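# Commentary on secondary and tertiary structure
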Amino acid sequence: MFCLMCIDKKRAIKNQFRISEKKLLTIAFLGGSIGMLAAMNIIHHKGKKFKSFIPFFILESFFLLFILSKSIML
């Protein structure tokens, strides 16, 4: 996720075709929320638009990890 955010930031600077917000949010929802949070803080990428989604996505990621770890232990 972090790499995708970096690529999108570089494309934004060069006024090139960018990765859609829908794709970025989908990947964050599927487990890339930590990378998205890191990219927002390190390279200052789309901080205002995504800040409201990040806490939910981080909780969702930990919940998925918990469920996966329980299923593996069985």
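See above for the structure.
To keep things clear, this report deals only with the structure shown in the data block.

## Considering the overall build of the protein chain
- A tally of helices and strands in the protein chain yields four helices and zero strands.
- The order of helices and strands in the protein chain, counted from the N terminus, is α-α-α-α.
- Dimensions of the protein chain along its principal axes, counting C-alpha atoms only, are 50 × 20 × 20 Å.
- Across the protein chain, the fraction of contacts at a sequence separation of at least 24, relative to all contacts at a separation of at least 6, is 59%.
- As presented, the protein chain carries roughly 5500 Å² of accessible surface, and 71% of it is formed by carbon and sulfur atoms.

## Concerning the packing of aromatic side chains
- What the rule picks out here adds up to three aromatic pairs.
- Ring plane angle 20 degrees and centroid distance 6.3 Å describe the contact between Phe 29 and Phe 56, whose orientation is recorded as stacked. Taken together, the positions of Phe 29 in helix α2 (residues 21-42) and Phe 56 in helix α4 (residues 54-73) put the pair 27 residues apart, joining distant regions of the chain.
- Given the relative accessible area of 48%, Phe 56 is considered partly exposed.
- Taken together through their ring pairs, the aromatic side chains of Phe 29, Phe 56 and Phe 57 make up a single cluster.

## As for the side chain of Ser 33
- Note on placement: Ser 33 falls in helix α2.
- Here Phe 57 takes part through its backbone oxygen, which lies 3.3 Å from a polar atom of the side chain of Ser 33.
- Within the structure, Ser 33 has its side chain in polar contact with the side chain of Ser 61 (distance 3.1 Å).
- In this structure, Ser 33 is in contact with Ala 28, Ile 54, Phe 57, Ile 58 and Ser 61, ignoring residues within four places of it in sequence.

## Some details on the nonpolar core
- In terms of nonpolar packing, the biggest core is built from twelve residues, these being Met 1, Met 5, Ile 19, Leu 24, Leu 25, Ala 28, Met 36, Ala 39, Met 40, Ile 54, Phe 57 and Ile 58.
- Those elements that provide at least two residues to this core are α2 and α4.
- It is α2 that provides the largest number of residues to this core, a total of six residues.
- Look past the residues within four positions of Met 1 in its chain and what remains in contact with it is Leu 24, Ile 27, Ala 28, Gly 32, Gly 35 and Met 36.

## So, the side chain of Ser 61
- The residue Ser 61 is located in helix α4 in this model.
- Setting aside its immediate chain neighbours within four residues, Ser 61 contacts Ala 28, Gly 31 and Ser 33.

Calculation notes
- Residues numbered from 1 in each chain as written.
- Predicted model: local features only at pLDDT ≥ 70, side-chain atom pairs only at ≥ 80, totals over all residues.
- Heavy atoms only, no water.
- Helix = DSSP H or I, 4+ residues; strand = E, 2+ residues; numbered from the N terminus.
- Contact = heavy atoms within 4.5 Å.
- Areas by Shrake-Rupley, 256 points an atom, 1.4 Å probe, with all protein chains shown as cover.
- Phe/Tyr/Trp six-rings, centres within 6.5 Å; stacked < 30°, edge-to-face > 60°.
- Buried < 20%, exposed > 50% of the residue type's maximum accessible area, 1.4 Å probe, protein only.
- Polar contact = N/O pair within 3.5 Å; in protein donor to acceptor, adjacent residues only side chain to side chain.
- Core = buried A, V, L, I, M, F, W, Y, C linked by side-chain atoms within 4.5 Å.

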